[in-house]
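Coordinates in review
Letter by letter, the chains look like this.
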Amino acid sequence: MLLITSRENAHVKEYCKLKLSKKQRDIQSSFVVEGLKLTLEAYNNGVSIEKVFLTDHALEKYQEKLFELLNSGIIALQITDEVAKKMSDTESPQGIFAQCSKLDKFLSPDTIEDNGIYLALSDLQDPGNIGTIIRTAEAIGVKGLLLSESCCDIYNPKVVRASMGSVFRVPFWVSSDFCRDLRTFSDKGIISYATVPDSEAKSITQVEFGGSGIAVIGNEGNGLSPEVISCCDEKITIKMRGNTESLNAAMAAGIIMWQMQL
């Protein structure tokens, strides 16, 4: 196993570029994960791991759990604690990092089921929100996610971490034409629901979803644009009894997904 002691090593610099830059992730068609759980989640879900980085402490502590991965032919590189600090995106790094090829679990017109629950995200910017939504979507049984190109990158390390590995399993579709692709669901007989803070919108408790539909969640501060709202079949809202004007996007998405599957 090659030992890397320099923070300026080419492998380390490449990892850090992928961690920080969506452009670099797009160019290389690669992304990065950190920590034992996410590395094993990626490996066990068939994600192609290009290389794995381990500190001496991590190798000793997790050797049994990493046995299969380390004997699979994946390039393994040993790093010092100082190098790990440069690579880490967390306050308490475990000393395990992986560079992976982008996923192949895509949602597409061919894989849309006419009796499924779907979620669409328009211009969400908070990676924690997107990761939490993906995790909740898997728990509830959502068939897939449609994301506008203006959303925070789904391969952002904070999105991947907040999803707790669900991003490796939930099919998704990053759309270059959000309204056009929303209409694809309508063409399949799936009703699209614009989520809005509108007194004239139907309360989600009054809508007969029937276990089918695609709910559209908008930007954390501005909600859905008029254009996206006009592309949807119906408008829905979460009626609130207190003085709060709106909910956190991930919280709202979770409530709506739960209601849709009843």
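The notes below deal with the structure included here. (Residues numbered from 1 in each chain as written. Predicted model: local features only at pLDDT ≥ 70, side-chain atom pairs only at ≥ 80, totals over all residues. Heavy atoms only, no water.)

Now for the side chain of S30. You can see S30 is positioned in strand β2 (residues 30–34). Residue S30 is classed as buried on the basis of its relative accessible area of 2%. At 3.2 Å, the side chain of S30 and the backbone oxygen of Q28 are in polar contact. Look past the residues within four positions of S30 in its chain and what remains in contact with it is L18, R25, E50, C100, S101 and K102. (Helix = DSSP H or I, 4+ residues; strand = E, 2+ residues; numbered from the N terminus. Buried < 20%, exposed > 50% of the residue type's maximum accessible area, 1.4 Å probe, protein only. Polar contact = N/O pair within 3.5 Å; in protein donor to acceptor, adjacent residues only side chain to side chain. Contact = heavy atoms within 4.5 Å.)

Read from one edge to the other, the open sheet built from 7 strands follows the order β8-β7-β6-β11-β9-β12-β10, with strand pairing classed as parallel. Strand pairing shows two members of the sheet lacking a second neighbour, β8 (172–175) and β10 (202–203), which therefore form its edges. Bridge analysis of strand β9 (residues 192–195) against strand β12 (residues 234–237) gives 3 bridges, and the strand direction is parallel. Bridging across to β12, T195 finds its partner in I236. (Pairing = 2+ DSSP bridges.)

Our next topic: empty space enclosed by the protein. Under the counting rule described, the total for this entry stands at 1 cavity of 30 Å³ or more. Each pocket or cavity is described by its volume, and for the largest cavity that value is around 30 Å³. The wall of the largest cavity is formed by Y15, K19, V32, V33, E34, M87, D89 and P157. If you list the elements that add at least two residues to the lining of the largest cavity, you get α1 (10–20) and β2. The element that contributes the greatest number of residues to the lining of the largest cavity is β2, accounting for 3 residues. (1 Å grid on protein atoms, 1.4 Å probe; cavity = no way out; pocket = protein on both sides within 12 Å on 5 of 7 lines; lining within 4 Å. Points joined across faces, edges and corners; volume = space filled by probe spheres on them.)

What follows concerns the side chain of T39. Within the secondary structure, T39 is located in helix α3 (residues 36–44). On the basis of relative accessible area, T39 is assigned to the buried category, the value being 0%. Residues in contact with T39, not counting those within four places in the same chain, are V33, I49, V52, L69, I96 and A98.

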